[in-house]
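# Examining the three-dimensional arrangement
The residues making up each chain are set out below.
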Amino acid sequence: MMFTLRVLIVLMALCAVLAISACASSAGTVGVVAVGNLTRNNAHTLSAVVVKVAIPKHSASSGSSTLSSIPSAVVRVLPLNDDRKDLDNEGKSTAAFGVPMGQIRFDPSPATLLGRAIASEFKAAGHQVTDSPDGTQINAAVLEFEAHTDTTLLYWDVLGSLAVSLQFSAPKGANPGPLLAYQARCADRTYTWPSEAVFSGVMNKCINDFASKLRNDGRAADALRHGWTTKAMAESDKPGSAQLKNAARPRVAAEKSYSNPGHAWSVSYPDDWKLNDTNRYVTISKGQAILGIHTLTDVPGESLDEVADATIQQWERQMQNVNTVTRVSRQRVTLADDLTAISIVHHIGAGRVGKSRKIIAIVKDRGFLIDAETHLASWPDYERDFNQIIDSFKVLK
């Protein structure tokens with residue numbers, strides 16, 4: 001009994017030494033200096049520490065894989081949806097007894113990280129990744145992406161996890177296939193305070209694990225092989241291919257067209273959506289979904305990025321006065337007639353969260369803002385129609 005007590009005292013002393021050395025660690029690590037006993041009861045009095053953990057850019061393997069075994073295809077990786085339940089909680093570090101010692105944020109965002117990894121894998125497998133709506137569309141969503149510590153008196157286990165869903169569809173989002181789900185779990189152990197490098201290494205392992213599963217997934221290869229690509233459409237126009245046309249060409253819902261006489265642009269939309277033309281802007285709606293098209297006559301900048309930055313910052317400031325807003329992703333996209341635009345996704349509110357996807361483009365002295373919005377839970381029900389409307393938008397010469 002005396003021996004056991006001495007061992008316990010030594011272990012507690014060692015833990016105290018490790019905690020003190022952690023607090024004296026180099027700048028940037030998750031560290032909190034506290035005086036007194038650390039218990040769950042006084043944990044809330046500790047300073048809130050938020051640490052940005054940089055994740056390196058994913059480098060896809062160029063070796064043989066299931067994705068590289070099929071003919072080259074044209075694919076378009078759409079901006080990832082961030083469907084995590086808690087966007088403000090990407091991880092946490094704790095001391096012994098579960099005392100919270102810091103929050104973790106990843107840089108770039110999980111949606112950006114995984115979007116780049118997906119595109120990198122298809123490029124490395126020999127496929128053409130483009131912003132053109134004529135390729136096989138890849139819709140993906142981040143369901144989980146976090147890291148946390150499991151702490152004992154002697155060491156920290158750093159645990160990482162991610163979950164992603166992918167869905168392949170024909171050009172412009174038609175005929176979506178089944179959802180493909182991927183998960184990754186990774187871990188590392190450290191006997192000193194876990195630094196950003198440890199968290200970064202663990203999450204990088206998870207990304208690499210997910211990427212390996214994707215590149216060797218027969219389901220993804222089959223979905224891409226049978227995707228309705230530009231090449232397949234060209235083949236279907238050859239003589240004698242009527243059977244292929246009837247069997248494979250995606251069915252497109254009946255559409256209506258609208259041209260704005262004042263600002264010289266046009267758009268098409270499904271005939272079961274309702275268009276409302278006001279003096280300020282045009283809205284197209286169905287059920288809980290609404291898409292607004294705004295013409296910016298006073299363009300706040302010269303380049304596309306300057307216009308997008310100014311427009312979004314103004315919208316975020318206005319929204320923050322009435323609700324919480326979280327920017328989820330930002331990506332360059334290509335609309336009809338090769339018009340380059342910037343796509344930015346936001347989540348709005350708490351509880352019943354809303355989702356907003358904004359498309360910003362400029363043509364000479366005119367700017368255009370397309371804003372698609374609905375509840376986050378309802379977004380999958382309207383996403384195909386949203387994409388169809390956005391991809392049809394044209395600026396008239």
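I will try to describe carefully the structure that is included in this document. These figures come from a predicted structure and were not determined experimentally.

Scanning the model with the defined rule gives 14 salt bridges in all. Arginine 330 is the salt-bridge partner of aspartate 305, the closest N and O atoms lying 3.1 Å from each other. One end of the pair, aspartate 305, is in helix α7 (residues 304-320); the other, arginine 330, is in strand β15 (residues 325-334), with 25 residues separating them in the sequence. Exposure remark for aspartate 305: the relative accessible area of 32% places this residue in the partly exposed category. Notably, a salt bridge pairs arginine 332 with aspartate 305, separated by 3.1 Å at the nearest N-O pair. Of the two residues, arginine 332 sits in strand β15 while aspartate 305 sits in helix α7, which places them 27 residues apart along the sequence. Take arginine 332: its relative accessible area is 39%, and that puts it in the partly exposed class.

Strand order in the open sheet formed by three strands is β10-β11-β19, with antiparallel pairing between adjacent strands. Two strands lie at the open edges of the sheet, namely β10 (255-260) and β19 (394-395), each paired on one side alone. Strand direction decides the pairing type here: β10 and strand β11 (residues 265-270), joined by six bridges, are antiparallel. Opposite lysine 256, over in β11, you have tyrosine 269 as the bridge partner. Relative to the sheet, helix α8 (residues 379-392) contacts β10, β11 and β19, its axis offset from that of β11 by approximately 155 degrees.

The next thing to look at is α8. Between its terminal C-alpha atoms α8 stretches 19 Å, which fits the 20 Å expected from 14 residues at 1.5 Å a residue. The axis of α8 is deflected most strongly, by about 25 degrees, at aspartate 385. Among the 14 residues in α8, 11 count as buried, and that is most of the element. Here α8 has its buried residues at Trp379, Tyr382, Glu383, Asp385, Phe386, Asn387, Gln388, Ile389, Ile390, Asp391 and Ser392.

Here we take up empty space enclosed by the protein. The final tally for this structure, using the stated rule, is three cavities of 30 Å³ or more. Put simply, the largest cavity is a space of about 90 Å³. In terms of lining residues, the largest cavity is bounded by Leu78, Pro79, Asn81, Asn139, Val345, Lys355, Arg357, Trp379, Glu383 and Asn387. If you list the elements that add at least two residues to the lining of the largest cavity, you get β17 (354-363) and α8. Looking at the lining of the largest cavity, the element that brings in the most residues is α8, giving three residues.

Turning next to unusual backbone geometry. Looking along the chain, the bond that leaves aspartate 107 and enters proline 108 is cis, with omega of 0 degrees. Located in the positive-phi region is aspartate 337, a residue other than glycine, with phi close to 60 degrees. By the secondary structure assignment, aspartate 337 is in the loop between β15 and β16 (340-348). Given the relative accessible area of 54%, aspartate 337 is considered exposed. Positioned with a positive phi, aspartate 338 is a non-glycine residue whose angle comes to about 60 degrees. With respect to the secondary-structure elements, aspartate 338 resides in the loop between β15 and β16.

Strands sit in the order β12-β13-β14-β18-β17-β16-β15 across an open sheet of seven strands; the sheet is antiparallel. Lying at the two open borders of the sheet, with one neighbouring strand each, are β12 (274-277) and β15. Looking at each pair of strands side by side, their axes are set apart by 15 degrees on average, direction ignored. With seven bridges joining them, strand β14 (residues 289-296) and strand β18 (residues 366-375) adopt antiparallel strand pairing. Counterpart to histidine 294 in the pairing with β18 is leucine 369. Sitting on the sheet, α7 touches β14, β15, β16, β17 and β18, and the angle it makes with β16 is about 15 degrees. Here α8 sits on the sheet and contacts β13 (281-286), β14, β17 and β18; the angle it forms with β18, its principal contact strand, is near 165 degrees.

Applying the stated rule across the entire model yields 12 aromatic pairs. The interplanar angle of 85 degrees and the centroid separation of 5.2 Å between the aromatic rings of phenylalanine 106 and phenylalanine 145 together place this pair among those described as edge-to-face. Of this pair, phenylalanine 106 sits in strand β5 (residues 100-107) while phenylalanine 145 sits in strand β7 (residues 136-151), and the two are 39 residues apart along the sequence. Phenylalanine 106 sits in the buried class, given a relative accessible area of 7%. Both rings, one in tryptophan 273 and one in tyrosine 382, keep their centres 6.2 Å apart while their planes meet at 85 degrees; by these two values the pair is edge-to-face. With a gap of 109 residues between them, tryptophan 273 in the loop between β11 and β12 and tyrosine 382 in helix α8 connect regions that are remote in the sequence. Within the aromatic cluster, the residues linked to one another by ring pairs are Tyr258, Trp265, Phe368 and Phe393. If you follow arginine 219 out to its NZ or CZ, it ends over the ring of tyrosine 182, 5.5 Å from the centre.

Attention now goes to the environment of leucine 304. Counting through the fold element by element, leucine 304 comes out in helix α7. As a C-alpha pair, leucine 304 and arginine 332 span 28 residues in sequence and 10.0 Å in three-dimensional space.

Reading guide: rules and limits
Residues numbered from 1 in each chain as written. Predicted model: local features only at pLDDT ≥ 70, side-chain atom pairs only at ≥ 80, totals over all residues. Heavy atoms only, no water. Salt bridge = Lys/Arg side-chain N within 4 Å of Asp/Glu carboxyl O. Helix = DSSP H or I, 4+ residues; strand = E, 2+ residues; numbered from the N terminus. Buried < 20%, exposed > 50% of the residue type's maximum accessible area, 1.4 Å probe, protein only. Pairing = 2+ DSSP bridges. Contact = heavy atoms within 4.5 Å. Axes fitted to C-alpha atoms, helices over the stretch in contact; angles between N-to-C directions. Expected span 1.5 Å × (residues − 1). Bend = angle between axes of the 7 residues up to and from the residue. 1 Å grid on protein atoms, 1.4 Å probe; cavity = no way out; pocket = protein on both sides within 12 Å on 5 of 7 lines; lining within 4 Å. Points joined across faces, edges and corners; volume = space filled by probe spheres on them. Phe/Tyr/Trp six-rings, centres within 6.5 Å; stacked < 30°, edge-to-face > 60°. Lys NZ or Arg CZ within 6 Å of the ring centre and 35° of its normal.

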